[in-house]
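Next come the chains, spelled out residue by residue.
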Amino acid sequence: MRAYRTIFVITAVAASVGLGATPALADAPAVLTVEAAGGTAAAVGDVLTASVATGTTADFTTTAGGSTGIKCAQSAFTATVVDNPEAPGVASESVTSHTFAGCTANIFGVTRVNSVTVNNTPFATTVDSATGAVTVSGTDAAPIQTTLSLGTILGSVTCVYRATGNAITGVSANDDNSITFTQQAFAKFSGPVTCPGSGFFTARYAPVLDSSVEGTPAVFTN
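Residues numbered from 1 in each chain as written. Predicted model: local features only at pLDDT ≥ 70, side-chain atom pairs only at ≥ 80, totals over all residues. Heavy atoms only, no water.

Asks: I'm lost on the packing of aromatic side chains in this one. Help?
Replies: Given two aromatic rings, one states the distance between the centres and the angle between the planes to describe the pair. Considering all chains together, one arrives at six aromatic pairs under this definition. Where Phe-77 meets Tyr-205, the ring centres are 5.5 Å apart and the plane angle is 75°; that geometry is what we call edge-to-face. Of this pair, Phe-77 sits in strand S5 (residues 69-83) while Tyr-205 sits in strand S14 (residues 198-205), placing them 128 residues apart in sequence. By the burial criterion, Phe-77 is buried, and Tyr-205 matches it. Judged by centre distance (5.9 Å) and plane angle (35°), the rings of Phe-181 and Phe-201 are tilted. In this pair, Phe-181 sits in strand S13 (residues 178-190) while Phe-201 sits in strand S14, placing the two residues 20 residues apart along the sequence. A residue is classified by how much of its surface remains accessible, and Phe-181, at 5% relative accessible area, is buried. A network of ring pairs unites the aromatic residues Phe-60, Phe-77, Phe-100, Phe-181, Phe-201 and Tyr-205 as a single cluster. In this structure, Arg-162 packs its charged tip against the face of Phe-189, placed 3.6 Å from the ring centre. (Phe/Tyr/Trp six-rings, centres within 6.5 Å; stacked < 30°, edge-to-face > 60°. Helix = DSSP H or I, 4+ residues; strand = E, 2+ residues; numbered from the N terminus. Buried < 20%, exposed > 50% of the residue type's maximum accessible area, 1.4 Å probe, protein only. Lys NZ or Arg CZ within 6 Å of the ring centre and 35° of its normal.)

Laid out in structure tokens, this is it:
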């Protein structure tokens, strides 16, 4: 979705009118395009999908930059394009699903990860062509919340975490059509002492694809 801004190309069209010709500017591309930077605009209503990049995991660590926590071999999101204006600008999406599977933990006392569930979708999401920032936001009524079901030596426990500031922000990159979230902070909302007090989410999703277009092309940010 974005790392490098597309350079807008000015094209001159020669048209003889009287004594001179007036150049015309090419239409600016949309913030989100498919197949190529500056290509065809992703249509409102298109469904975008992505899974964690091959060879990587989606991680929840108990400290920023730490190695203790949960690693998920599988994770994916689905989003729908809500608004896709001309670049430079801010496109809008709605994240309708965010899933995790194949998770393991190295937290003291935790013997297994039963499930990792993202609650309260859909989430409003923006893509800023000027910075490449991808911001996912919750509301007071539907905060960004993740529920962990963990097996422990004393039985299963449920740990609920909410995003600090009720938002997480990633960065898009056109070189691999990715979105990368790095150390996005969550605080424990509920759960026993077995649940870590905080969590930090890191994952790279690539490539982001438009499943509504024939051939499922990659998505670029301009």
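Asks: Can you walk me through unusual backbone geometry in this structure?
Replies: Most peptide bonds adopt trans geometry, and most residues besides glycine take a negative phi value. The omega torsion across Thr-121 and Pro-122 is 10°, close enough to zero to call that bond cis. Of note, the bond from Ala-206 into Pro-207 is cis; its omega dihedral lies within 30 degrees of zero at -10°. Inspection of the secondary structure assignment puts Pro-207 in the loop between S14 and strand S15 (209-210). With a phi angle near 50°, Gln-183 is a residue other than glycine that sits in the positive phi range. Its place among the elements puts Gln-183 in strand S13. Accessibility expressed as a relative area gives 30% for Gln-183, which makes it partly exposed. At Thr-216, a residue that is not glycine, the phi angle is positive and equals roughly 50°. Tracing the backbone shows Thr-216 in the loop between S15 and strand S16 (219-221).

Asks: Help me understand the pairing of strand S6 (residues 90-105) in this model?
Replies: Regular strands place side chains that alternate from one sheet face to the opposite one. Bridge count for S5 against S6 is 12 bridges, and the pairing is antiparallel. Pairing of Lys-71 across the sheet is with Thr-104, part of S6. The antiparallel hairpin formed by S5 and S6 contains six residues in its connecting segment. Both S6 and strand S8 (residues 123-128) contribute to a ladder of six bridges, which runs antiparallel. Residue pairing for S8: Ser-94 is matched across the bridge by Ala-124. (Pairing = 2+ DSSP bridges.)

Asks: I would appreciate a short explanation of the nonpolar core in the present structure.
Replies: Generally speaking, nonpolar side chains in soluble globular proteins are found buried as a group. Judged by nonpolar contacts, the single largest core of 45 residues is most densely connected at Leu-32, Ile-70, Phe-100, Phe-201 and Tyr-205. Ranked by residues supplied to this core, first place goes to S5 with five residues. (Core = buried A, V, L, I, M, F, W, Y, C linked by side-chain atoms within 4.5 Å.)

Asks: What should I look at first to understand the state of the cysteines in this one?
Replies: Here is the idea: a disulfide is a covalent bond, and it sits between the sulfur atoms of two cysteines. Considering all chains together, one arrives at two disulfides under this definition. The disulfide partner of Cys-72 is Cys-103, and the gap between their sulfur atoms is 2.1 Å. Taking the sign of the S-S torsion, about 105° here, the bridge from Cys-72 to Cys-103 comes out right-handed. Here Cys-72 is found in strand S5, whereas its partner Cys-103 is found in strand S6, with 31 residues between them in sequence. Each of the two residues, Cys-72 as well as Cys-103, counts as buried. (Disulfide = S-S within 2.5 Å.)

Asks: What am I meant to see in the environment of Asp-140 here?
Replies: In this fold, Asp-140 is placed in the loop between strand S9 (133-137) and strand S10 (145-152). Its relative accessible area of 81% is what places Asp-140 among the exposed residues.

Asks: I tried to follow the sheet that holds strand S1 (residues 32-34) on my own but got confused; where do I start?
Replies: Remark on secondary structure: sheet strands pair via backbone hydrogen bonds, oriented parallel or antiparallel. Spatial strand order, S2-S1-S16: three strands in an open sheet with antiparallel pairing. Strands at the two margins of the open sheet, each flanked by one partner only, are strand S2 (40-41) and S16. Inspection of the sheet shows S1 paired to S2 by two bridges, in the antiparallel sense. Bridge pairing in S2 links Val-34 to Thr-40.

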